[in-house]
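These are the residues of each chain, in order.
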Amino acid sequence: MPTLALCYGTRPQIIKASVLRRSLAPLGPVLAVDTGQHYDYELNAVFYEQLGVEPPDLFLEVGSGSHAAQTAAVLERAEAVLDRARPAAVLVIGDTNSTLGAALAAAKLRIPVVHVEAGLRATDHLMAEELNRRVVDAIAALLCTPSATVTARMAREHPGQRVVETGDVAYDVLLGQLGRLAPPDTVVPGLGPGYIFATLHRAELVDHPERLAGAVAGLQALGREVVFAVHPRTRNALERCGITNRVAWPVRLVPAVGYLQSLALARGAAVLVTDSGGLQREGYWLGTPCVTLRAETEWEETVSAGANLLVSPDDAARSLPAAFETQLARWNGSARWDPTAYGTGHAAARVADAVRALLSS
Ligand code: UD1
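Residues numbered from 1 in each chain as written. Predicted model: local features only at pLDDT ≥ 70, side-chain atom pairs only at ≥ 80, totals over all residues. Heavy atoms only, no water.

(A) Layout of the sheet that holds strand β2 (residues 30–34). The strand order across the open sheet built from seven strands is β3-β2-β1-β4-β5-β6-β7, with neighbouring strands paired in parallel fashion. Of all strands in the sheet, those bounded by a partner on one side alone are β3 (58–59) and β7 (162–165). Note: strand β5 (residues 113–116) against strand β6 (residues 142–145), three bridges, orientation parallel. The residue of β6 that forms the bridge with V116 is C144. (Pairing = 2+ DSSP bridges. Helix = DSSP H or I, 4+ residues; strand = E, 2+ residues; numbered from the N terminus.)

(B) Representation of the site of the ligand within the structure. The environment of the ligand is formed by 20 residues, the closest being H38, Y39, D40, E129 and R233. Between the ligand and N97, the relevant distance is 2.9 Å, taken from an oxygen atom to a main-chain nitrogen or oxygen of the residue. Contact between the ligand and N236: an oxygen atom at 3.4 Å from a side-chain N or O atom of the residue. Contributions of two or more residues to the shell around the ligand are made by α1 (11–24), α3 (67–85) and α11 (232–240). For the shell around the ligand, the leading source of residues is α11, giving three residues. Tallied by class, the residues present in the shell around the ligand amount to four nonpolar, 11 polar and five charged. (Near = heavy atom within 4 Å. Polar contact = N/O pair within 3.5 Å; in protein donor to acceptor, adjacent residues only side chain to side chain. Nonpolar A, V, L, I, M, F, W, Y, C, P; charged D, E, K, R; others polar.)

(C) Representation of the pairing of β5 within the structure. Going residue by residue along β5, you find V113 and H115 tucked away on one face and V114 and V116 tucked away on the opposite face as well. Note: strand β4 (residues 89–93) against β5, four bridges, orientation parallel. Bridge pairing links L91 to V114 in β5. In this view, the connection linking β4 to its parallel neighbour β5 by way of helix α4 (residues 97–108) has right-handed handedness. One crossover worth recording links β5 to the parallel β6 by way of helix α5 (residues 128–139), and it is right-handed. (Buried < 20%, exposed > 50% of the residue type's maximum accessible area, 1.4 Å probe, protein only. Right-handed = clockwise from strand over helix to strand, strands pointing away.)

(D) Structural view of the sheet that holds strand β11 (residues 271–274). With parallel pairing, six strands are arranged side by side in an open sheet as β10-β9-β8-β11-β12-β13. For this open sheet the edge positions go to β10 (251–255) and β13 (308–310), each flanked by a neighbour on one side alone. Taking the axes of each pair of neighbouring strands and ignoring which way they run, one obtains an average angle of 20 degrees across the sheet. Both strand β8 (residues 196–200) and strand β9 (residues 226–230) contribute to a ladder of five bridges, which runs parallel. Bridging from a neighbouring strand, T199 pairs with A229 of β9. Seen against the sheet, α11 touches β8, β9 and β10 and runs at an angle of roughly 105 degrees to β9. Each of β8, β11, β12 (290–292) and β13 is contacted by helix α13 (residues 277–286), which is oriented at about 165 degrees to β11, the strand it contacts most. (Axes fitted to C-alpha atoms, helices over the stretch in contact; angles between N-to-C directions. Contact = heavy atoms within 4.5 Å.)

Take it as geometry only, folks, not as evidence of what the structure does.
Right under this line is the structure:
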């Protein structure tokens, strides 16, 4: 009988699960359940391969769909799996539909839920990720938080719940892989110094044609080589809006890249332009300044450190160039910041300690 189950299903969660699976192993058997929310090689299998992780014990093949369909499929399939396995606790990560579905399934079976990356907040209450994490925080038996700000917020919002500040497991993964990064021009041939690395994938940006067009216009206006790694959702949106054919040098579209390639490109870049929470922190840890195309960020420490600057996606065509110049000056000035707001790279071990304490309480 497994002691624990770890449920995850999207690209960043597979990355974070890699260190959690190792840190939890001493507690007993861990049932690894990949919901299959992300299923393409470039969003799924490549991360198992690169991080040397065993395939999951179960792959639920949930796939894409509306929010309701995707969440319901996770809920139903995770319930069947968890009801059979009856683990002592179920760990979920972050704020995706996979997180919500698996956490609800566990809670309804009265299996304690451990929320890794708990407590992040945005002011947009109806954003899918915000709904997901608020619900999961409310039903979790253990909230593992990435930073002091978030810990204080959870103590206020959920005074009766167990809150442990573990730090961010994504930092553990990054530190473990730094020695394996190739030079950026081996990832994208011909890439010169001072390039920009760009990624965009959020529904709030790419599913709005005017925002997507504005973001691409803003990138075109930077006058520097841009490597734009394209998530499948974004590829479809660019095609649908007829933008793909209009993208021209110095912006280069490349398919979504693996974890090691993404880190290598982020480390070598002058500036990142993204809407990804993962890349905002990776820029902060790697010393690469970032411009985030969102009106707000859950990773507020990156902004107060000066590592990150926000540009509204409604205003990208006009405001991206000025924000880029500000962040480029930080890169040129080798202005760096203390990268320890999200812990010191031992978060997965702290999660394991907190789970051990939960199980013995
Ligand atoms: C999801 C998360 C988001 C997270 C992101 C990480 C939710 C609500 N959103 O967004 O918070 O930041 O993962 O990457 O859970 N697709 C493929 N191949 C795949 C997977 C998806 O082509 O393997 C395409 C499909 O057209 C699909 C679309 O991408 O409809 C969106 O995928 P989905 O999993 O629904 O959300 P993401 O945008 O990836």
